[in-house]
Every structure is written in C-alpha cells, then in structure tokens.
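Examination of the molecular architecture
Each chain is listed here by its residues.
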Amino acid sequence: MSTPVTEIITVTEIIARCQALFDDLNFTYAREWKAAVPGRIVVGYMPFYVPRELIHAAGGLPLGVLGGGEQLEVIQGDAYYQSYICRIPRSTIELGVTNRLDFVDAMLFPSICDVIRNLSGMWKIMFPKVRSRYFDVPQNFSDGVGGTFYIHELTELREMLAEASGRAVTDAAIRASIALYNENRALVREVYAFRARQPWKAPSAEVYLLMRAGMVLAVEEHSRMLREYLDAAAAADRPRRDNSRVVVTGAFCEQPPLNLIKSIELSGCYIVDDDFMLVNRWEQSDVSLDGDPVANLAQAYLHNSANTSAKYEPDPAQKGLYLVAAVKRTRAEGVIFASPSFCDPALLERPMLQRVLAAHDIPFIAFKYAENSGQMQPIREQAGTFADSIKLWSTP
Amino acid sequence: MTPPAAVIKDTSMLKQKEMISGNYRKLETAVADGRKVAATFVPGNLNELIMCFDMLNNLPEINAIQNGLRKKTGAYIMEAEKRGHSEDVCTYVKADLGMIAKGNIGPDGQKLPDPDLLLLSYTGCFTFMKWFELLREHYKCETAMLHVPYQGDGRISKNMISYVVKQLREEVIPKLERVSGVKFDIDRLRENLARSARAEEDFVWVLESAKARPSPIDAYFGGVYYIGPIFTAFRGTEDATLYYRLLRAEIAERLAAGQGPVTPAGDMPAERYRLVVEGPPNWTSFRDFWKMFYEDGAVVVASTYTKVGGLYDQGFRHDPDHPLESLAEYCLGCYTNRNLPSRVDLIEQYMEEYQADGLLINSIKSCNSFSAGQLLVLREIERRTGKPGAFIESDLVDPRYFSPANIKNRLESYFQMIDQRRGGGKSVPARAA
Ligand code: SF4
Ligand code: SF4
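1. Here's the deal with the sheet that holds strand S9 (residues 358-364) of chain B
All names here are of chain B.
- Spatially, the 4 strands line up as an open sheet ordered S8-S7-S9-S10, and their pairing is parallel. Strand pairing shows two members of the sheet lacking a second neighbour, strand S8 (298-303) and strand S10 (389-394), which therefore form its edges. Strand-to-strand twist of the sheet, defined as the mean angle between neighbouring strand axes without regard to direction, takes the value 30°.
- In this structure, S9 lies alongside S10, joined through 6 bridges in parallel fashion. Note on S10: the bridge partner recorded for isoleucine 361 is phenylalanine 391.
- Across the sheet, helix H15 (residues 340-353) touches strand S7 (273-278), S8 and S9, and the angle it forms with S7 is around 165°.
- Its contacts with the sheet place helix H17 (residues 374-385) against S7, S9 and S10, and it is angled at close to 180° to S9.

What follows is the structure, encoded as structure tokens:
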C-alpha cells in the first residue's frame, strides 16, 4: 500500500514540533504564552497529579515540570542531594537555580513521595517570591471524609490561584476548563487506544513526545495536536513488526531517557500501555459539568481516577489488579517494571505488583534507570531477551 | 570517671528495661491470653486509643531498632532483598519483612504474634503506606488507614484536624471495636490522655535540662532511651508516668551536682562541644557511634530525632478535654510531618536556646522523609547562625552502610573546625574532669 507523502510529513512535522518542545529547557513556548497577554500566569507542577482545570480557570498555563532529562547538565543541583536520592529533584533544582523557571508564578508539589514533599519546602526557602504549595490529596475515599477534606484543599488552591492571577476563579470558568480537559483526556485515551490496536502505527517514542507536549502546551493547542496526530498516524503506512506487546510501569515520576523508550521498542517490544504521565489520563472518564465544579473534581478524584503507588488501595482484593486490567485491555503479553533508581513509590510497590502478575501468569522483567542514563545496551539486551521469551512461551 | 553504666544502672533505666521486656512477654503470650494485637508506627502512634480496646501495641519500627542493636538486621535485610525487595528502599521495612520471612522471631528470641489490626497511621513518611500494604498482603488482617495530611504550609488547619478526627470516628475506632470486641469508652481515653500529659511534662523537663552547662544528658544517644516509653507502647500508662518521674529526679540530681551525661563508659569527663543533631542514629553500631562523640567530649544538647514521636517541647500536650482533636493534633505535629522551613526554624531555635557549637546531620540512606533536603537545611543553619555544620552519612539498621573510619575522620575534623572557629587555640573544657 502506498502512503500519501503529505501524511507522513504531517506525522513527522507534529513529532518534530513535540521534539522541539521536549528539547527546550528554557520553556520558550510558556514564556511567550505568558508574555502574549498581560495578566497571564504560569503554574508549574510536578508528577503525579494536580487539577490543571483550576489553573486554567485562573487564566493560567499549567506547566509540567518533569526534571531536566538527559540533556541538562546538573551542576548545582547535585550539591543539594545525597547520592542515594533520585535524579528528578536535583535536576528540577538545577532548572530553578539556572533561572530556567524564572517566569513561573507558582509551583505545585503533589503528594507523591517524601522527596517531592520536601522539595516543596526547599522551593519555599530557595525561591521565596514564588508561591509554592504542597498539594495534598486524600487517602480516604469516602465523600464525607476524604471528599470534604479534598474540597477544602481544592478551595485553598483556587484561592491561591486567584491571588496569583489577580482575578476571581469563577464556577463558570472552572466548568469551561473541565470541558476542555475532558476533551483532552478523551483524546489522550484515544491515542492510547489507537496505539494498543496498531502499535506499529504509533511508535512509543512518538506517543511519548506527544504526551510530553501536553505538559507544556495550552490544552486547546494540545487537543488540536492530538487530533492531527490521530488522523496522520492512521493514514500513515508503517511496517508491522513481529514485536511482543508490553506494558511499561513504574515510570510515573522521574522520566526515562527518550532513548530508553526507543530501545525497548527497538529490542522487539511494542509498548501498548505505560504510566509515564499519569496527569493527562488521571480521571478515567469525563468529569461532570453539572453542579458544583470543585465538588465534581473531588468526586472524580475519589471514584474515577487512575491507580498508582502514591494512592492507597483500601481493598486488598483489588491491589494491583489495575495492572492486570491494563494488560488485558491492551492485549499485552508482558510487563516491564522500569523504575527510577531510589524511587520509593515505584520500588516499594513493585514486589506487590509482581506477585499479582505472577498469580495471573503474566510474565515481567524489571530494571532501574535514571533520567540521565546513557548506557542503553543492557536494557536493550534485557528487553530483547524478554521479547524473545514471550514469543517462545506463547508458541503452542 | 565513675564506673560504667553497665555496672551502675539508674533506677529509671531498669524500669524501662522491665517495661520493654514486659511488653514483649505480653506479645509472646498474646494468643494464649486471648489478647488482640495492633501494629502501628511511632510517629502518629495512638497508644492511648489502642489501650481503650485492651489491645497490645507492637511497633515494627521498634522491632527493627531492637534487632539492629542486637546486630540481627543485616541478615534480615539480605533475606528481604533475596525475596525481591529493592536495595534502594528503607531498611526498617526490609528488616521487618526479613524477620517475618525467617519465622517472625522477635528481638528477644520469642515468636511475635500476627497482628489482628494494622493501624496504618500515615504520618510524615510515604514508606509507611507501602510497608503496611506489604504486611497486609502477608497477614491478610484488617487494616485501618489514618491519613494525616502533611503540614505543607507549616501550619495545622481546621480542615486537617477535622479530617483526622472524622477518620478516627468513622474508620479507626469502628475497626478497633470490631477487632477487639470492646466498645469504645471516651472516658477511658480521657484518663489515658491525662496520664500521657503528666509524663510529657516530665519528659520535656528532662530534654530542656540540656540547656545547662554542662548538660546533664546527651539528648541524642541518651535521648533515644528517654523517648522509649513515650514514643512506643507505654504512653498513657501508669508505668510511663512513673518512669518519667524517676528519670526527672535522677537528672535533677545530676544537674544539681554539675554532672555531665552518663555514657556506656561511665560519666562523661568534660563537655567540650555542644551539638545539635538532625537525623536518626545508626543502630547496628550504636555504641561505637556514640563513643566517637563522648571520647572527644562532644555532647548532643538537642536532636530532631527525639521529636519524631511528637514535639512536646514546643508546648503540645495530649488534652483529655479534647480527646480526638488532641490525638489529631498530635499526629499532625510530629517532626517529619512538618515542612522543611519549619524544620529549619526548629533547628535554629535549638542552636540558640541550647547554646550549641554547631549542627551535625547524620543523613540516613534509608529515609527520604528525613534526608531529602538535609543539605539545604545545613546551609540554611550555617547561614543563619554563623556556626559550622557537618554532614555524615550512614544507615539505620543496614550494617553495610556504616563506615566507622570515615565517620570518625569526619567528626574529628569537625571538632577541629569548631575549635578554630572559637578563636584559634584548643577548646576549653566546660568543666574539669
Ligand atoms: S522519582 Fe520516585 S522518589 Fe524520586 S521524586 Fe519521583 S516519586 Fe519521588
Ligand atoms: S523511610 Fe524513614 S520515617 Fe519512613 S519508615 Fe523508613 S526510617 Fe522511618
């Protein structure tokens, strides 16, 4: 089948744009976005989740800060951390002290682990002019207990954002923002579903860059990009390989180097699901637009959000089943545990998840990485052997 | 020098020993005695509440410490790692899981009972949540999650208090009732809390005695003994009240006599350096570690580790008139639940109030809750106080991460640095030997 040249170029163009955004550690897009209209604010946030709708409703741009990756040379950041702490906080500090985040009006630090938690206080000390907030989410999921607490937290955040932007954050504005993010999440889910159906048409490095673009772009622009990508990727003709299908898990905070994602695929594994950027698929279906929008965000968090290590599982019988469900939904044949070195949430959770997978006869492998890992050969070999063994097991 | 403490034991020390072994004995016979057992954590420990249900309190962190002191944890950690637990995660967790894998024989050589309830008091440490999810997987017992929000802005809000109180009412107490078969009696809780408050008064007096020169206590190496009853299974008991009364009387005597702290080698000869220490100690080489200090006349006059189970010296007392609110405030106020700026402020306060010569940070590989950000804490304290700081690294209960030669070298150069800052010459002992 021949492919219209323009469509291939379109995919290439989209991904080139994403790559440029990914490479730009000065966040030029966000700087320009802010400068374009007086009174705009930019609010940085770290993994795994913040209610971006509130930032948007305050006239702000939510800016995902996911560390410095492999490009950033960390010089000063290392002076703040011992060798046995993961990389993302030190490269984030590096971004801060080298003024790459000097246009950011506020920073949010979600309750993912003690490192990010303590970083919230470090930010207060090091950047006293920036509004920094530790963003707590409930671990109790009943409406009257965790829900009430969370609505208060969201309300405090709403007030902080209103102060930062100098404008009221109205219910109507929040509803409008929820609608935009609902649309964006639906498109993100569609891209993931598309890749799970035809992974050869949506290489993981492309999907990764596409999702990373959503960390920096305005939501309206990102949704447009996702739509364009879906059209272009569906039309593109790409060779189908005899790869194994895997789910990658454990990489929800410090990001793997792009090369690592490419290496997994090059070694014979199609990534059909992952947890790289949970924030853009956190709510699993649309957040309601009726009634109190803050209460709706709280409801969605309590009853309709993704699972990850930072969230308590009250029902022991359900522990880890989300991963089994992801394997089934995407028809994956195995799971790769890719975790940042020294990552408490990923590494403490791993044995529990592995036991659940073993009970369901789902094969897995595990390795660790750092955002600046350079050596991909061992990972390629491990993933290649895994892909081969999956094929062997599945051969009748 | 007076004879070593091993020879002359203070009455309080004997009392504590008896309390600890008594609790282990109760745990060992719990099943036979028909007693139910709760497992929980030191920060956010709800001992007064657990006691209302006639349940025993088994604290896995304390088992790990006790096993560490007995040098048993190295093998347990290796066992846990063999079973798939990462070398990167907290060694308390692995020491506990390794002990369970090897038959759950407690520190004093007897089998520990399976808990009937895991009281997951989620205060100040992310690892707690995963630790008890791992234990729940093993024991398949009831688990009560008490989510204690972090003081991100350095304050306790009404929303936080009411969230914790609601969880106590709707989640924790009903589960304690169900597991124990005992109905909750708030008056019993009030009585327990009143006893706690009495013990807390004496405990704070002891900690603050270190403001004297010379300090009659070591608030870190000695301090870890002093926190024993109040941080563990005894807060709210008559025994704990008595223990702190005895301890206070003993320290008052030392203070009046101008004596320094008791060390494993006997009375400390001279106080040459007054330090504030941040971070938990190493347990597997605890005695050797301590020796590096007292040999050189270094006394720890205040420490943050002795605040992980509550900041009583900042005025908090358990309050029988507001029992559940008071438990909530207690959980919210523990040291590692305070944000980094509050931790820096507290250390700065200690540096001034206790007239310290410097801050030493013992950074623990296991513990991101304490350790992430400590290098900034050090810089801030040096900047604010003009006093020198030092940074050493070790681990809690993993003997592989205690390097005596490195630590000793580091400490010696640190003491020299303090001497130099004092104005050149050798330091003058605070008191003759
Ligand atoms: S990589 Fe893991 S340990 Fe490090 S900040 Fe992220 S969640 Fe925390
Ligand atoms: S991480 Fe730190 S606070 Fe948490 S259990 Fe381990 S030693 Fe304790």
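2. Some remarks on the packing of helix H8 (residues 204-216) of chain A against helix H10 (residues 258-266) of chain A
All names here are of chain A.
- It is at 8 Å that the axes of H8 and H10 come closest, and there the two elements cross at 150°. By the angle between their directions, the pair H8 and H10 is classed as roughly antiparallel. In contact with Ser204, Ala205, Tyr208 and Leu209 of H8, H10 contributes Leu258, Ile261, Lys262 and Glu265.
- Per-class residue counts for the contact of H8 with H10 are 5 nonpolar, 1 polar and 2 charged.

3. Topic: the nonpolar core
- Core analysis: the largest hydrophobic core is formed by 265 residues, its most contacted members being A:Ile336, B:Leu49, B:Tyr92, B:Phe293 and B:Tyr305.
- Discounting residues that sit within four places of it in the chain, B:Tyr305 has contacts with B:Ile65, B:Tyr92, B:Tyr220, B:Val224, B:Ile227, B:Phe231, B:Gly279, B:Pro280, B:Pro281, B:Trp283 and B:Phe370.
- Counting residues in hydrophobic clusters, the runner-up holds 15 residues, among them A:Val247, A:Val272, A:Val335 and A:Leu357.

4. Quick look at the pairing of strand S5 (residues 244-249) of chain A
Residues and elements named next belong to chain A.
- Where burial is concerned, most of S5 is hidden: 6 out of the 6 residues are buried.
- Here S5 shows no split at all, with Ser244, Val246 and Val248 on one side and Arg245, Val247 and Thr249 on the other all buried.
- Two strands pair when backbone bridges link them, and S5 and strand S6 (residues 269-273) are joined in this way by 4 bridges, in the parallel orientation. Each residue of the ladder has a partner; that of valine 247, found in S6, is aspartate 273.
- When S5 meets strand S7 (residues 334-340), the two strands line up parallel, connected through 4 bridges. Looking at the pairing, valine 246 lines up with glycine 334 of S7.

5. Details of the site of ligand 1
Residues and elements named next belong to chain A.
- In the region of ligand 1, 13 residues are neighbours, and Cys86, Cys113, Ile116, Cys253 and Cys343 sit closest.
- Going through the elements one at a time, helix H5 (114-126) and helix H13 (344-359) are the ones with two or more residues in the shell around ligand 1.
- Of the residues that constitute the shell around ligand 1, the class distribution is 11 nonpolar, no polar and 2 charged.

6. Quick notes on the confidence of the model for chain A
- With 97% of its residues at a pLDDT of 70 or more, chain A shows a mean pLDDT of 96.
- Note on residues 1-8 of chain A: pLDDT under 50 across the span, and 7 contacts to partners over four residues away in sequence or across chains.

7. Quick notes on H5(A)
All names here are of chain A.
- The first and last C-alpha atoms of H5 sit 18 Å apart over 13 residues, in line with the 18 Å expected at 1.5 Å per residue.
- Within H5, 12 of the 13 residues are buried, leaving the element largely enclosed by the surrounding structure.
- Here H5 has its buried residues at Asp114, Val115, Ile116, Arg117, Asn118, Leu119, Ser120, Gly121, Met122, Trp123, Ile125 and Met126.

8. Notes on the packing of aromatic side chains
Residues and elements named next belong to chain B.
- Per the stated rule, a full pass over the model turns up 41 aromatic pairs over all chains.
- On the numbers, 6.1 Å between centres and 80° between planes, the contact of tryptophan 290 with tyrosine 294 is edge-to-face. Placement of the pair is tryptophan 290 and tyrosine 294 together in helix H13 (residues 286-294), with a separation of 4 residues, close to one helical turn.
- Here the aromatic cluster, defined as three or more aromatic residues joined through ring pairs, consists of Tyr220, Phe221, Tyr225, Trp283, Phe286, Phe289, Trp290, Phe293, Tyr294, Tyr305 and Phe402.
- The residue whose ring lies beneath arginine 235 is tyrosine 330, and the NZ or CZ to ring-centre distance is 4.4 Å.

9. A look at the packing of helix H5 (residues 73-82) of chain B against helix H6 (residues 91-101) of chain B
All names here are of chain B.
- The contact between H5 and H6 brings their axes to 7 Å, and the two run at 85°. One finds that H5 runs roughly perpendicular with respect to H6. In this structure, H5 uses Thr73, Tyr76, Ile77, Glu79, Ala80 and Glu81 to contact H6, whose residues at the interface are Thr91, Lys94, Ala95, Leu97, Gly98, Met99 and Ala101.
- The residue makeup of the contact of H5 with H6, split by class, is 7 nonpolar, 3 polar and 3 charged.

10. Side note on the side chain of B:Glu278
Residue and element names in this part refer to chain B.
- In this fold, glutamate 278 is placed in strand S7.
- In terms of polar contacts, glutamate 278 uses its side chain to reach the side chain of tyrosine 335, at 2.5 Å.
- Within the local environment of glutamate 278, its side chain forms a polar contact with the side chain of glutamine 374, the two groups lying 2.9 Å apart.
- Residue contacts for glutamate 278: discarding those within four places in its chain leaves Thr304, Tyr335, Arg343, Ile347, Leu359, Leu360, Ile361, Asn362, Phe370 and Gln374.

11. Focus on the pattern of salt bridges
- In this structure the tally under the stated criterion is 58 salt bridges over all chains.
- Across the pair A:Arg238 and A:Glu206 runs a salt bridge whose closest N-O atoms are separated by 2.5 Å. A residue pair is termed long-range when its members are at least 10 positions apart, and A:Arg238 in the loop between helix H9 (219-235) and S5 and A:Glu206 in helix H8 qualify at 32 residues.
- Linking B:Lys130 and A:Glu349 is a salt bridge whose minimum nitrogen-to-oxygen distance equals 2.7 Å. Taken together, the residues span two chains, with B:Lys130 in helix H7 (residues 126-139) and A:Glu349 in helix H13.
- Looking at B:Lys130, the relative accessible area reads 0%, which means it is buried.
- In this structure, a network of salt bridges that share partners links the residues A:Lys124, A:Arg133, A:Glu153, A:Glu156, B:Asp153 and B:Arg155.

12. A few points about the sheet that holds strand S4 (residues 142-147) of chain B
All names here are of chain B.
- The 4 strands are arranged S2-S1-S3-S4 in an open sheet whose pairing can be described as parallel. The open sheet terminates on both sides in strands that have one partner only, identified here as strand S2 (56-58) and S4. Within this sheet the neighbouring strands show an average axis-to-axis angle of 25°, counted without direction.
- One ladder, built from 6 bridges, connects strand S3 (residues 117-122) with S4; its direction is parallel. Note on S4: the bridge partner recorded for leucine 118 is threonine 143.

13. Overview of the interface of chain B and chain A
- Counting residues at the interface gives 52 residues for chain B, matched by 54 residues for chain A.
- In this structure, the connection of chain B to chain A is made through 8 salt bridges.
- In this structure, the connection of chain B to chain A is made through 33 residue pairs in polar contact (both at pLDDT 80 or more).
- Per-element tally for the side of chain B that touches chain A: the top contributor is H7(B), with 8 residues.
- Class assignment for the residues of the side of chain B that touches chain A results in 19 nonpolar, 18 polar and 15 charged.

Scoring rules and cut-offs
As a convention, each chain's residues are numbered from 1 in the sequence order in which they are written. Both sets of labels track the order of writing: A upward for chains, 1 upward for ligands. At least 70 in pLDDT is required for a residue's local features to be given in this predicted model, at least 80 for side-chain atom pairs to be given and counted, and no such filter applies to totals for whole chains, interfaces and linings, which use all residues. To get the side-chain values, take all heavy atoms of the structure and skip hydrogens and water. A pair of strands is labelled paired if DSSP reports no fewer than 2 bridges between them. Numbered from the N terminus, helices here are DSSP runs of H or I no shorter than four residues, and strands are runs of E no shorter than two. Axis definition: a line fitted to C-alpha atoms, limited for helices to the stretch in contact. Angles are taken between N-to-C directions and run from 0 to 180 degrees. Throughout, a contact is declared for two residues whenever any of their heavy atoms are within 4.5 Å. Geometric relationships in this document are graded by angle, where less than 35 degrees denotes roughly parallel, more than 145 denotes roughly antiparallel, 65 to 115 denotes roughly perpendicular, and other angles denote oblique. When residues are grouped by polarity, Ala, Val, Leu, Ile, Met, Phe, Trp, Tyr, Cys and Pro land in nonpolar, Asp, Glu, Lys and Arg in charged, and all others, Gly among them, in polar. Within this scheme, the nonpolar core is defined by two criteria: the residues are buried Ala, Val, Leu, Ile, Met, Phe, Trp, Tyr or Cys, and they are joined through side-chain atoms within 4.5 Å. We call a residue buried when its accessible area falls under 20% of the maximum for its residue type, exposed when it is over 50%, and partly exposed in between, using a 1.4 Å probe and counting protein chains only. Near residues are defined by distance, with any heavy atom within 4 Å of the molecule or strand qualifying the residue. Scored from 0 to 100, pLDDT records how confident the predictor is in each individual residue. To estimate how far a helix should extend, the number of its residues minus one is multiplied by 1.5 Å. In summary, the pairing rule links any two rings of Phe, Tyr or Trp, Trp by its six-membered ring, whose centres are within 6.5 Å, and it sorts them by plane angle into stacked for under 30 degrees, edge-to-face for over 60 and tilted for everything else. By definition, being over a ring means that NZ of Lys or CZ of Arg is both within 6 Å of the ring centre and within 35 degrees of the ring normal. Any N or O atom pair separated by 3.5 Å or less is treated as a polar contact, with the protein-specific requirement of one donor-capable and one acceptor-capable atom, and with residues adjacent in sequence counted only for side-chain atom pairs. By definition, a salt bridge exists where a carboxyl oxygen of Asp or Glu is found within 4 Å of a side-chain nitrogen of Lys or Arg.

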